[in-house]
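Here are the chains, one letter per residue:
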Amino acid sequence: MDKKQIQEFIARRVALELQDGDLVNLGIGLPTLVANFVPEGRTVLFQSENGFIGLGPAPEEDEIDPCISNAGAMPVTIVPGGSFFDSAMSFGIIRGGHVDTTVLGALQVAENGDIANYMIPGKMVPGMGGAMDLLNGAKKTIVAMEHTAKGNHKLLKECTLPLTAVSAVDLIVTEMGVIEVTAKGFVLIEQNPEYSLEQIREATGADLIISMGLQKMAVV
Amino acid sequence: MEKLTNLEEAVHLVRDGDTIMVGGFLAVGTPERLIDALIEKGAKDLTLICNDTGFIDRGVGKMVVAKMFKKIYASHVGTNKETGRQMMEGETEVVLVPQGTLIEQIRAGGFGLGGVLTKTGLGTLVEEGKQIVEVDGERYLLEKPMRADIALLFAEKADLAGNLTFHGATRNFNTYMGAAADISIVEAGEVVQIGALCPDEVVVPGVFVDYIIDGGAL
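Everything in this summary refers to the structure shown in the same document. Model, not experiment: these values are computed from the prediction.

Rules and cut-offs
Residues numbered from 1 in each chain as written. Chains lettered and ligands numbered in written order. Predicted model: local features only at pLDDT ≥ 70, side-chain atom pairs only at ≥ 80, totals over all residues. Helix = DSSP H or I, 4+ residues; strand = E, 2+ residues; numbered from the N terminus. Expected span 1.5 Å × (residues − 1). Buried ≥ 20, exposed ≤ 12 C-beta atoms within 10 Å, placed from the backbone. Contact = placed C-beta atoms within 7 Å. Pairing = 2+ DSSP bridges. Axes fitted to C-alpha atoms, helices over the stretch in contact; angles between N-to-C directions. Core = buried A, V, L, I, M, F, W, Y, C linked by C-beta atoms within 7 Å. Nonpolar A, V, L, I, M, F, W, Y, C, P; charged D, E, K, R; others polar.

Observations regarding helix α1 (residues 3–15) of chain A
At 3.6 residues per turn, the α-helix brings residues three or four places apart onto the same side. Taking 1.5 Å of rise per residue, 13 residues should cover 18 Å, and α1(A) covers 18 Å from first to last C-alpha, within 8% of that figure. Buried within α1(A) are the following residues: Gln7(A), Ile10(A), Ala11(A), Arg13(A), Val14(A) and Ala15(A).

Right, here's the structure in full:
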């Protein structure tokens with residue numbers, strides 16, 4: 001799989017986690033793709049931290065409204081039944097535990113669920129935006145990312161980069177498999193058969209427990 | 001009090017060294033005409049409180065390029081390379097604040113609160129130097145109120161009493177910054193007579209608005 005196929009594959013697996021009636025916040029980049037693969041028969045509402053519920057697909061060129069964009073400043077639409085609000089309301093929704101699931105990318109995730117995804121000191125310091133609030137407030141946090149970065153481990157015993165939140169991650173979906181973050185550490189619950197367990201272990205910088213009920217990785 | 005004024009008079013209220021809050025989220029709901037006029041007038045050593053620093057050619061990002069800030073409080077600066085450059089080279093101090101914390105600090109500043117307690121940032125660099133308060137066995141960070149000398153805001157419509165309405169995702173920080181600043185100036189897409197807005201549709205009451213600029217449609 002090339003990079004684009006890997007990202008789509010991950011997004012298709014993450015989409016299976018979204019349940020009918022969920023309010024979901026998707027991060028920028030790979031997580032945004034998840035919106036394209038919501039399983040049929042499930043109604044999922046997307047929240048955008050810049051101030052609305054009911055994020056819809058990108059508009060046609062001639063229907064762009066400069067006042068309606070997502071948290072990455074890309075033009076979007078709002079679905080029937082949606083609503084606009086300000087940032088205090090938006091983060092009340094997020095921090096207050098009213099978002100069911102958030103899907104975010106990560107630079108590093110530790111086996112206790114710590115996550116680093118907002119800066120590389122001295123190199124890249126974009127800021128946390130709404131990520132710290134989402135990680136603290138959302139009922140469930142899914143990390144959607146490639147398993148390694150240019151061969152370097154991203155799943156670690158401990159994060160080495162500044163943390164975005166402590167013990168916040170519940171589930172990790174990569175091109176290699178699906179990993180639950182448990183009190184015992186990383187547990188592989190689904191395996192992409194294109195990769196051997198040995199390969200997945202080698203690509204993981206922490207102990208990887210293989211679930212007794214290990215399944216073949218499912219996708220939409 | 002007459003609230004309707006013009007761009008030139010409005011931006012002369014901003015003095016060197018002031019702290020300014022600017023509404024908008026990645027330049028959506030940012031008062032572009034006020035920013036352009038302020039750049040033309042010139043001001044230096046400002047402190048900015050804003051969600052982000054926009055883009056080099058849109059929103060407050062244009063003021064970053066004009067080197068008007070000595071300090072910036074924002075949740076995200078990754079869309080503006082010039083902010084990153086000034087930060088790395090030590091020209092401008094950048095304080096990164098979680099977005100939900102930033103809006104609450106502004107709300108606290110405007111609404112007479114001594115701060116807010118939040119779990120956001122616990123166990124991260126955000127925690128450094130801050131007081132931790134325990135409430136019923138749960139730990140929270142104390143985040144103090146923020147205030148500014150001037151707020152530069154955007155609304156879809158303003159009536160002459162300063163009541164504001166909004167369209168789309170432009171409310172963001174615009175609804176609370178006026179309360180947290182000594183002087184608030186709103187660039188409205190349309191200025192209407194008193195009585196032309198239904199009180200039911202007013203999002204920000206005019207009490208938080210000192211000056212209005214007729215910015216014209218976007």
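Side note on the environment of Ile194(B)
Residue and element names in this part refer to chain B. Locating Ile194 in the fold gives a position in the loop between β10 (181–192) and β11 (211–214). Separated by 82 residues in sequence, Ile194 and Gly112 place their C-alpha atoms 29 Å apart. Filtering out sequence-adjacent residues up to four positions away, Ile194 remains in contact with Asp159, Leu160 and Ala161.

Regarding the sheet that holds strand β5 (residues 101–104) of chain A
Sheets are built from strands paired through backbone hydrogen bonds, the pairs being either parallel or antiparallel. Residues and elements named next belong to chain A. The 10 strands lie next to each other as β4-β3-β2-β1-β5-β8-β12-β13-β14-β15, forming an open sheet whose pairing is mixed. Each edge of the open sheet is held by one strand with a lone partner, namely β4 (77–84) and β15 (208–216). Between one strand axis and the next, the sheet turns through 25° on average, direction left out of account. Examined bridge by bridge, strand β1 (residues 23–26) and strand β2 (residues 45–48) share 2 bridges and lie parallel to one another. Each residue of the ladder has a partner; that of Val24, found in β2, is Phe46.

A look at the nonpolar core
Core analysis: the biggest nonpolar cluster contains 120 residues, and Ala144(A) and Met21(B) have the highest contact counts within it. Leave out the neighbours within four places in its chain, and Met21(B) touches Ile49(B), Cys50(B), Ile106(B), Ala148(B), Ala151(B), Met177(B), Ala180(B) and Ala181(B).

Brief notes about the interface of chain A and chain B
When the parts of a complex come together, some accessible area is lost, and that lost area is often taken as the interface size. Opposite the 32 residues of chain A that make contact, chain B presents 36 residues. If you list the elements that add at least two residues to the side of chain A that touches chain B, you get α3 (87–95) and α4 (131–137) of chain A. Of the residues forming the side of chain A that touches chain B, the biggest block, 5 residues, is contributed by α3(A). A per-class count over the side of chain A that touches chain B returns 18 nonpolar, 9 polar and 5 charged.

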